Amino acid sequence: MNVNDSNSMNISDAYSFCSKLSEIVDKKDEINFTIIFNPEELDENEYNTLVDNLNSLDNEIIREIIDSFPNLELYDNFIISYFHLVKNWDYNDNNKLFELYRKLYIDFIQVFSYTWHIILLKSLSRSIIQLAFLCDLSPENKVKNYPKIEEASRLFSRMFNAVVNDRESLENSKKMSAYFITNLAFKTYFKIKNFNLCQSFIQKLKQYDLDKENFYKFPLADQVTFSYYNGRLNLYNEKVISAEKHLYHAYINCSDDVECQKNKRLIFLYLLVTRLILGKFPNEFLLRKYGYYEYFIDLIKSIKQGNFKSYNEILKKQQNWFIRKGIYIILKKQMNTIMYRNLIMKVFTITTEGRKPLITYHSLIKAFKIAGIDDFDLDDVECVAVSLIHKGYMKAFVNNETQIIYLSKKEPFPNPFKRNSFN
Amino acid sequence: MDRNNSTQIDEDDDFEDFPANDWEVQKDQDDSQYWEDNWDDSDIDDEFSKQLRAELQNNQN
C-alpha cells in the first residue's frame, strides 16, 4: 500500500469511488482508469476506510449507487467484482487472490470495449499470469501440475476471442491488444509445454487479418515477443527456415538497452540454433557477448569439420543444459545435413587438390569412419550424396556403377545459408 | 537436475515483459559483420583434419 500522496484519489467509500470513476470514464482517462482499479494504489487508511464502507453496505445499495451514475452502466458487474476483490484481499494467499482476479477478469471481458481500456487490460492480464505462476510454481508444489496456469490460458483465450471480433478499424480498436494477449497465452503454453494450443491463436490472427502487413502496426514490444515465440514454435516443429526468419525479426528489432538484455540473449540463443543448422556461424565476439561461448564454441568447430564423433560427445556432455533450453532434440536431429556437407567438402579439398573434381564412395566411407560414423556402406554414402545434391548443397552427379561422385568445376559447394534463404 | 532450484532456473528461461511498448531501432542493429556463412576451411592443422588427410592420402597411393 502506498504512502499517502497528494495525487491520490478520494475513493474511500463506494459513492466517491463511483463518482471519481464516472469522471474518469467521461474523460476516457486511461491512466486513472487503471489506477482506480488497483487495490495496491490505496494507502492503508484509504484501504481500511473503503473496506469498512463496503462491508456496511449490502449489494443492493451498492448497485443503486452505481446506477446513479448513468455512464457507469457498462461497468456495474465489474465494479461489484472489484469491490469484492478489495474486501477479500489477502497478501498471503495467492490462490485466493487468483480466484478473485479470475472473477474480475471474466467480468472485464464484457467491459473491454475501447483502446483507452487497454492499459487496464494489460494490468489485469499481468496480475492473472503472475498469480498463476506464483501458485503453480512455488517450491511447495512438488506434483508438477499447473491448474492455475492452465486456467490463466483459458482466460486469455476467452479474452482473445472477445477482442478479435471487433469491427472497428485496427488502430481505433481493442484489437490492438490482440498480440499482447496472444503473447501471454503463449507464455503459459510454453511454461506447461503444450505448444499445440498455440495454433488456434495463430489461425485466428490470420483469420481476422491481424497478420502480414497489419502485424507491423502493433507495438514493437508485442512484435518482438510474438516473433520470439513464433520462431521457437517453428523450431519445435522443425521448420527451421521459418524459425530463422521470425527469430531474426525479433533479434534485429529487440532493443539493445540493458533492461532488454535478458530477452535479447534468449532470442539470440534460438536464432543461433537455427543459423547453425542453416550454415551461418557467429564469431567468438558474439558468443561471448551473449554468454554462450562455453556452450557452443566447440560444438561449432565440430559442425564446420563435419566431425560427428566430437559433435555427439559435446552434445552428450552438455545434455542437461541443452534439454533445459529445449534445443537438445533439434541439435541432435537437424545438424546432419550441414555436417555431411562440410565433411564431404573437406574430403573434396584434401583429395582433389589439382586433380579432377571427383570423390570416390570409398574415400567417403573412410572419412565417415574417422568422423565417427562406423556403419556406413556404399549405399548410405550414395544416399547422403544424392540428398545433398537434391537440396542444392552440392553441385554434382553420382555414378552408381563407378561409385564416384563427379562435382561441378564451378562452385561445387554453394553457400548453404544463401541457398536456404531462397526457399 | 537440482529440483530445489527449479523455480530459479525456470525464471531464468522466461521471456520478460519489455519496459516500454515501443523504441527506436538502431539502423546498425543488424550485426551481420559478426556472422560468417562463407567460412574457409581454415583449421587445416587441427587434429581431425590431420587424421582425415593421413587416411585419405594413403588411400590414393
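Residues numbered from 1 in each chain as written. Chains lettered and ligands numbered in written order. Predicted model: local features only at pLDDT ≥ 70, side-chain atom pairs only at ≥ 80, totals over all residues. Heavy atoms only, no water.

- If you look chain B up in an unreviewed UniProt entry, it shows as 26S proteasome complex subunit SEM1 from Piromyces finnis.
- Within the UniProt record for chain B, the comment given under Function (unreviewed entry) is "Component of the 26S proteasome, a multiprotein complex involved in the ATP-dependent degradation of ubiquitinated proteins." (UniProt positions renumbered as here; feature names shortened; annotations may be inferred.)

- Chain A goes by PCI domain-containing protein in an unreviewed UniProt entry, where it is assigned to Piromyces finnis.

## Brief notes about unusual backbone geometry
Only a minority of non-glycine residues have a phi that is not negative, and only a minority of peptide bonds are not trans.
All names here are of chain A.
Part 1: Located in the positive-phi region is Lys28, a residue other than glycine, with phi close to 55°.
Part 2: Assignment of secondary structure puts Lys28 in the loop between helix 1 (14–27) and helix 2 (30–36).
Part 3: Relative accessible area serves as the criterion here: at 53%, Lys28 is assigned to the exposed category. (Helix = DSSP H or I, 4+ residues; strand = E, 2+ residues; numbered from the N terminus. Buried < 20%, exposed > 50% of the residue type's maximum accessible area, 1.4 Å probe, protein only.)

## Digging into the pairing of strand 4 (residues 404–407) of chain A
All names here are of chain A.
Part 1: In this structure, strand 2 (residues 358–360) lies alongside strand 4, joined through three bridges in antiparallel fashion. The residue bridging Ile359 from the neighbouring strand is Ile405, located in strand 4.
Part 2: Sheet topology note: the strand 3 (residues 396–399)/strand 4 ladder contains four bridges and is antiparallel. Residue pairing across strands places Ala396 opposite Leu407, the latter belonging to strand 4. (Pairing = 2+ DSSP bridges.)

## Observations concerning the interface of chain A and chain B
Part 1: Across the contact, 66 residues belong to chain A and 42 residues belong to chain B.
Part 2: Summed over both sides, the interface between chain A and chain B buries roughly 5,200 Å², with carbon and sulfur atoms accounting for 55% of that surface.
Part 3: Between the two partners, chain A and chain B, sit seven salt bridges.
Part 4: Joining chain A to chain B, the criterion identifies 20 residue pairs in polar contact (both at pLDDT 80 or more).
Part 5: In terms of residues, the side of chain A that touches chain B owes the most to one element, helix 13 (residues 261–278) of chain A, which gives nine residues.
Part 6: Residue composition of the side of chain A that touches chain B, by class: 31 nonpolar, 13 polar and 22 charged.
Part 7: Sheet topology note: the strand 1 (residues 281–282) of chain A/strand 1 (residues 35–36) of chain B ladder contains two bridges and is antiparallel. Across the sheet, residue Phe281 of chain A finds its bridge partner in strand 1 of chain B, namely Glu36 of chain B. (Contact = heavy atoms within 4.5 Å. Buried area = accessible area lost by both parts, 1.4 Å probe. Salt bridge = Lys/Arg side-chain N within 4 Å of Asp/Glu carboxyl O. Polar contact = N/O pair within 3.5 Å; in protein donor to acceptor, adjacent residues only side chain to side chain. Nonpolar A, V, L, I, M, F, W, Y, C, P; charged D, E, K, R; others polar.)

## Re the pattern of salt bridges
Part 1: Evaluation of the coordinates by the stated rule reveals 19 salt bridges over all chains.
Part 2: Asp14 of chain B serves as the salt-bridge partner of Lys191 of chain A, at 3.1 Å between the closest nitrogen and oxygen. Of this pair, Lys191 of chain A sits in helix 9 (residues 178–191) while Asp14 of chain B sits in the loop between helix 1 (6–12) and strand 1, on two different chains. Both residues of the pair, Lys191 of chain A and Asp14 of chain B, count as buried.
Part 3: In this structure, the salt-bridge partner of Asp13 of chain B is Lys325 of chain A, at a minimum N-O distance of 2.7 Å. Taken together, the residues Asp13 of chain B in the loop between helix 1 and strand 1 and Lys325 of chain A in the loop between helix 17 (319–324) and helix 18 (328–334) connect one chain to another.

## Overview of the domain arrangement of chain A
Part 1: In terms of domains, chain A is made up of domain 1 (5–212), domain 2 (219–334) and domain 3 (340–407).
Part 2: Computed from C-alpha atoms alone, the centre-to-centre distance between domain 1 of chain A and domain 3 of chain A is 62 Å. (Domains from an automatic or database assignment.)

## Describing the environment of Phe376 of chain A
Residue and element names in this part refer to chain A.
Part 1: By secondary structure assignment, the location of Phe376 is in the loop between helix 20 (361–370) and helix 21 (378–390).
Part 2: With a relative accessible area of 18%, Phe376 lands in the buried category.
Part 3: For the pair Phe376 and Ile365, spaced eleven residues apart in sequence, the C-alpha to C-alpha distance is 6.4 Å.
Part 4: Each residue touching Phe376, except ones within four places of it in the same chain, is listed here: Tyr340, Ile365, Phe368, Val381 and Val384.

## Notes on the packing of aromatic side chains
Residues and elements named next belong to chain A.
Part 1: Throughout the structure, instances matching the rule amount to 53 aromatic pairs over all chains.
Part 2: Aromatic side chains Tyr114 and Trp116 sit 6.0 Å apart centroid to centroid with 5° between the ring planes, which places their arrangement in the stacked category.
Part 3: By relative accessible area, which is 8% here, Trp116 ends up buried.
Part 4: Looking at Lys264, its charged tip hangs above the ring of Tyr251, at a distance of 4.9 Å from the centre.
Part 5: Seen from the ring of Tyr293, Arg288 lies directly overhead, with NZ or CZ sitting 3.7 Å from the centre. (Phe/Tyr/Trp six-rings, centres within 6.5 Å; stacked < 30°, edge-to-face > 60°. Lys NZ or Arg CZ within 6 Å of the ring centre and 35° of its normal.)

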